[in-house]
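Residue-level structural notes
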4 protein chains.
Amino acid sequence: MPEVPLPATQAWLWKWDDVLPLARRAGELITLERGGDRRVLALANPGLRGLPFTSTTLWGALQYLGPHESAPAHRHTPSAIRFVLTGSGVYTTVNGDACDMEPGDLNPHPNWTWHDHNNKSDDPMMWFDGLDLPLLATLESIFFENHPNQLQPVEGHNGSEQRFAGVGLREMGATSPVAHSPLLRYRWEETERTLESLHQARGGPMISLEFVNPLTGGPAVSTFACEMHRIYPGERTPSRRKTGSSVYVVFQGSGRSVINGLLFEWGPGDIFVTPSWASVDHEASERADLFAISDRPVLQVLHLHREEELAERQEISGMFESVKGSRR
Amino acid sequence: MPEVPLPATQAWLWKWDDVLPLARRAGELITLERGGDRRVLALANPGLRGLPFTSTTLWGALQYLGPHESAPAHRHTPSAIRFVLTGSGVYTTVNGDACDMEPGDLNPHPNWTWHDHNNKSDDPMMWFDGLDLPLLATLESIFFENHPNQLQPVEGHNGSEQRFAGVGLREMGATSPVAHSPLLRYRWEETERTLESLHQARGGPMISLEFVNPLTGGPAVSTFACEMHRIYPGERTPSRRKTGSSVYVVFQGSGRSVINGLLFEWGPGDIFVTPSWASVDHEASERADLFAISDRPVLQVLHLHREEELAERQEISGMFESVKGSRR
Amino acid sequence: MPEVPLPATQAWLWKWDDVLPLARRAGELITLERGGDRRVLALANPGLRGLPFTSTTLWGALQYLGPHESAPAHRHTPSAIRFVLTGSGVYTTVNGDACDMEPGDLNPHPNWTWHDHNNKSDDPMMWFDGLDLPLLATLESIFFENHPNQLQPVEGHNGSEQRFAGVGLREMGATSPVAHSPLLRYRWEETERTLESLHQARGGPMISLEFVNPLTGGPAVSTFACEMHRIYPGERTPSRRKTGSSVYVVFQGSGRSVINGLLFEWGPGDIFVTPSWASVDHEASERADLFAISDRPVLQVLHLHREEELAERQEISGMFESVKGSRR
Amino acid sequence: MPEVPLPATQAWLWKWDDVLPLARRAGELITLERGGDRRVLALANPGLRGLPFTSTTLWGALQYLGPHESAPAHRHTPSAIRFVLTGSGVYTTVNGDACDMEPGDLNPHPNWTWHDHNNKSDDPMMWFDGLDLPLLATLESIFFENHPNQLQPVEGHNGSEQRFAGVGLREMGATSPVAHSPLLRYRWEETERTLESLHQARGGPMISLEFVNPLTGGPAVSTFACEMHRIYPGERTPSRRKTGSSVYVVFQGSGRSVINGLLFEWGPGDIFVTPSWASVDHEASERADLFAISDRPVLQVLHLHREEELAERQEISGMFESVKGSRR
């Protein structure tokens, strides 16, 4: 046993400019019909022996939904979230609730919820898919079921947002599903307003939010955290390390992160992964919003979470060669 | 032992028009100085042997703060809430956070938090005081302490609102006090917007909200619930009964409630109490907002909560003679 | 509001020699038939305006069950425990499980469990009754129901003891009632063996146990703690004070307690009550076992529990005149 | 995604008669000194690409400690348990508490507890090692530390057993570590007595116990369950399936299990593994005690646990060729 974690997961970055043409090409080549339910580009970590996993617990991918396409209804025990990057006019139905998807929105599709996606617009939409698929593979607990219909019946429109509309205000008698949040859309406007409000209260180079179950304070899905980090230009954040991996998605802005001494430069649409116990800090060139998923809730509930701030910012020893890297 | 609860608490109603002149008179007669910290009119239930308690667990009162007055800083183990009825330009400082008080706002001052009240305006303010004083008297657990200064130092302004600005969005690393919500002001706008949103989602004659800890979903204070009920005109709500008492404060609108067959008519500023296991229903003449406190969280945590809807609406057998009653 | 609790409950002691003749007399005068279900002598605290309550939250009493008598089956929301003082050959049936009652045994009859008592011997039995009746009166939550039969059907004999026979060993699939322990008899042998084992591990003048739910660690009943304190002769225990009241029952041994400076001498069968925030310490003349009930779980769950050890043992200022006191 | 779990873990059985000579040979060849801390034979599942793991989450092994040997003190975040098969006169020190190890005893060494093993006898001891090592490898959360001394100082002897000696009896003020049970030895006598007591209460072909934290009812370690199943001869148990894997260790007795239709015959010291969602039932030839570990607590806390009894006992389609299998 090593004295500290020796992760197989490697720090890595995928450039939007490399991925986008592949996604468009996939959109041309592959149609969405039963059997080929979703059109996704999985971000495969080079440290994981060819498995299509972004870390040992997390799966990140880009999903492309063409104009006027629908991805059929199914459910599975792996929990998924969608974080919208580009496009408009799409909704995803979750257990009967048709939830709009707009850039910056977080749409969870937790464990065993029915979901389908519907693009009513003339443009494609792309979003980040985050799943706990690698963890569930290890736990050998994957169940899957197709919906009897191509698309599930729609019972309401943004209904969960209507029912959870105020901070600290709970409908009397409201109950939460055991395994996840009853709120099925976290709208970008609300996130953005909250980031600014916290910044006013706190200041500092980075504001970090977690998307949680409004009825319990627990994570939006049980098996990974969903986070939003707003980084203000002017200084590097303190270097920190924690057990478990994170996958960061650059929603807007640009900057660079240092991961175990290696410098990673990023801009809109780029995605990078930080391995367990890696030293990590960030610096924005212009104000940047980084969405992230992390396996922290699993580590916390199993009492394996450790996290610390380094006494000093880590040294920078080199630069990640992203283009070479992502094309290998 | 009786087959069902035989409460000492009596159903009762206090009219705003009866209480207001008394409050004004108190404002003229009594000054706020150390020793006479607060100016309140306690609503004493006639069933409780002359004790100044509204039910066996709850204490309701009207507090009057004159123009340019300050009520000095202290703390106590009984938890208090303020629900503002009239006036503007007042703030209450709670553990250093200066929270605005405006009509319809709920301002909790939970167990052992420092608090003082400050009227910077030229007009008096009146609010409803809700406390667990009778319960804590029974539990023989009342501690009290004056702040070393007349007023505590102000460290922020509506800071808790800034830190809890978005639904389902939690600052990473945020922790809650054990005994109560970290949110120290529930602004009327937010409440009102949430009521309307729920009404759109649900319909029906009544929308009921509970004010909760945004980090846990637990009650805003540990020892009683704070609720807001919006009643739409057109029909009586179903008759229900539950263990434990409630104190209702009419914020706006008018209507009537039936309590164990007796009809109580109410309008803005009126306050009424429902005893344990009483059958209760409401009907609005015009859209009405009823704020309420209830000892339900205590009963729930002790596994003594029972609640049920009656198979049919209760019959009306008589009318509460409020004027005669409240002047007795 | 006072700076520290000013309890209405008075420190008091009832002598076994005073109560025993009254209990015997009651045994001669009163028969157990429907309508006069139980034969109990309630210990009424002189500070509580004539109410038959031992403190503001706890009710202590001595129950006398004559030879070949049965106390009929009923249930109620107030939770009860029996702690057996004298007699043998009695069983109490709780939700179908016939539990033996022997001296030193604790038999809980929690919230809404059916229970009847049956004396199959030629001698009377006496036990201490502990209930949360005063608390439930304040909470106006007392429900009561007679069983359709005089005695409930017996489905097993000491069945709960059989199912919870080993420390840290849980039957797979076992579930606990929400409001109380599934273990319905705490046998004296087990308590005594555990006291000695802890004494060997810890030493010191006092060993204190709490009777808990073996599946959750929570209190045996939700609304009060059941405790056993073994006091070894040689020194006074440290003086401590806590919020909430306790009722102590001397099971065996003798000694004295100091409560707010007043000395209370006690021997087998004596019962005394300590008020909220009273300074309390004990000293045994010979090894003594004190059973106690306390409202601590209620105060803890409401975040009102405070407890501290005094820097020095309190001074003794006088002596409680028990005979005069209890006959007043 | 598959409709039901398609585990990589294969059903497998290792025969005591095959493993014992290897363990003895290892005892001759390898000495225990810093650097080679432990002498263990890992049970490597043939489905896991050569990894020394028994399932994707669990690691089972046989540890051999020679006469008068000591295995040095260290700690690690993977949690371990020892279940003793043969030998006597050994103790393991856990955070200062020297705990005896005798056949049938369960000795947990949870997450980050210091532990060393000491054989004071003239005979070797062999025990089953159960760890969550594969899970922690996936979670990339393994930390390890050698104790500054070869052996840690001993502060007590079976102290945790002394402090948790009675069912449903908790030392007042006792607290539990967050991540595991404070009880560090589960003695066979207590387990055996509890099995028999439950059998008397329940009857049936199988009695199943879980080893739990006596203060909370949670699992003895956070990351896997420890169980004991006593199987009585006369009939096959019902066929059941559940998510997650189990490793069974035959403590005594003999019989056979059907796993996904394949028959596995077992006797004392044999060890077998059941994969996720496999149909499993057992039948004893003579009364048998099967110790088991399972990842059920992880699946439960992540809301991925599913378990069901099959409507009918599964059919037997073949027989596991254990000798050939285990020597491959």
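Residues numbered from 1 in each chain as written. Chains lettered and ligands numbered in written order. Predicted model: local features only at pLDDT ≥ 70, side-chain atom pairs only at ≥ 80, totals over all residues. Heavy atoms only, no water.

**Topic: the pairing of strand β15 (residues 225–231) of chain D**
Remember that side chains alternate between the two faces of the sheet whenever the strand is regular. Residue and element names in this part refer to chain D. Within β15, seven of the seven residues are buried, which leaves the element mostly enclosed by the surrounding structure. The side-chain alternation of β15 yields two buried faces, one formed by Ala-225, Glu-227, His-229 and Ile-231 and the other by Cys-226, Met-228 and Arg-230. Looking at chain direction, strand β14 (residues 206–211) and β15 are connected through five bridges and run antiparallel. Paired with Ser-208 across the bridge in β15 is His-229. (Buried < 20%, exposed > 50% of the residue type's maximum accessible area, 1.4 Å probe, protein only. Helix = DSSP H or I, 4+ residues; strand = E, 2+ residues; numbered from the N terminus. Pairing = 2+ DSSP bridges.)

**Thoughts on the interface of chain D and chain C**
Chain D puts 35 residues into the contact, and the matching count from chain C is 35 residues. With both sides pooled, the region where chain D packs onto chain C buries about 3100 Å², and carbon together with sulfur makes up 60% of that total. Considering only the surface of chain D that becomes buried against chain C, Val-167, Leu-169 and Met-172 of chain D emerge as the three largest contributors, covering 23% of it. The interface formed by chain D and chain C contains two salt bridges. With a closest N to O distance of 2.7 Å, Arg-202 of chain C and Glu-171 of chain D form a salt bridge. Taken together, the connections running from chain D to chain C amount to 18 residue pairs in polar contact (both at pLDDT 80 or more). Looking at the side of chain D that touches chain C, the elements that each hand over two or more residues are α3 (159–163), β13 (169–171), α4 (188–202), β14 and β15 of chain D. Here the side of chain D that touches chain C gets nine residues from one element, more than from any other, and that element is α4 of chain D. A per-class count over the side of chain D that touches chain C returns 14 nonpolar, eleven polar and ten charged. (Contact = heavy atoms within 4.5 Å. Buried area = accessible area lost by both parts, 1.4 Å probe. Salt bridge = Lys/Arg side-chain N within 4 Å of Asp/Glu carboxyl O. Polar contact = N/O pair within 3.5 Å; in protein donor to acceptor, adjacent residues only side chain to side chain. Nonpolar A, V, L, I, M, F, W, Y, C, P; charged D, E, K, R; others polar.)

**Some details on the relation of the copies chain D and chain C**
Expressed as a screw transformation, the operator carrying chain D onto chain C has a rotation angle of 180 degrees and an axial translation of 0.0 Å, and the superposed copies differ by an RMSD of 0.0 Å. Classification of the inter-copy transformation places it as that of a two-fold axis. (Least-squares fit on C-alpha atoms with pLDDT ≥ 70 in both.)

**Let's talk about the sheet that holds strand β2 (residues 40–42) of chain B**
All names here are of chain B. Pairing is antiparallel in the open sheet, where five strands are placed in the order β2-β3-β10-β5-β8. Among the strands making up the open sheet, the edge pair consists of β2 and β8 (106–109). Each neighbouring strand pair of the sheet contributes to a mean axis angle of 25 degrees, computed without reference to strand direction. The sheet contact formed by strand β5 (residues 80–86) and strand β10 (residues 125–131) spans six bridges and is antiparallel. Its bridge partner being in β10, Phe-83 is matched across the sheet by Phe-128. Along the sheet face, helix α1 (residues 16–29) touches β2, β3 (59–65), β5 and β10 and points at about 50 degrees away from the line of β3. (Axes fitted to C-alpha atoms, helices over the stretch in contact; angles between N-to-C directions.)

**Observations concerning the packing of aromatic side chains**
Overall, the coordinates contain 44 aromatic pairs over all chains when judged by the stated rule. When the ring of Phe-211 of chain D is compared with that of Phe-291 of chain D, the centres are 6.2 Å apart and the planes differ by 55 degrees; the resulting orientation is tilted. Within this pair, whereas Phe-211 of chain D is found in strand β14, its partner Phe-291 of chain D is found in strand β20 (residues 280–294), the two being separated by 80 residues in sequence. Take Phe-211 of chain D: its relative accessible area is 0%, and that puts it in the buried class. Judged by relative accessible area, which is 0%, Phe-291 of chain D ranks as buried. Site record: aromatic cluster; members linked through ring pairs are Phe-83, Phe-128, Tyr-186, Trp-188, Phe-211, Phe-251 and Phe-291 of chain A. Directly above the aromatic system of Trp-112 of chain C lies the positively charged group of Arg-306 of chain B, at a separation of 4.3 Å from the ring centroid. Across from the ring centre of Phe-143 of chain C, 4.0 Å away, lies the NZ or CZ of Arg-306 of chain B, which sits over that ring. (Phe/Tyr/Trp six-rings, centres within 6.5 Å; stacked < 30°, edge-to-face > 60°. Lys NZ or Arg CZ within 6 Å of the ring centre and 35° of its normal.)

Shape descriptors only; they carry no functional weight alone.
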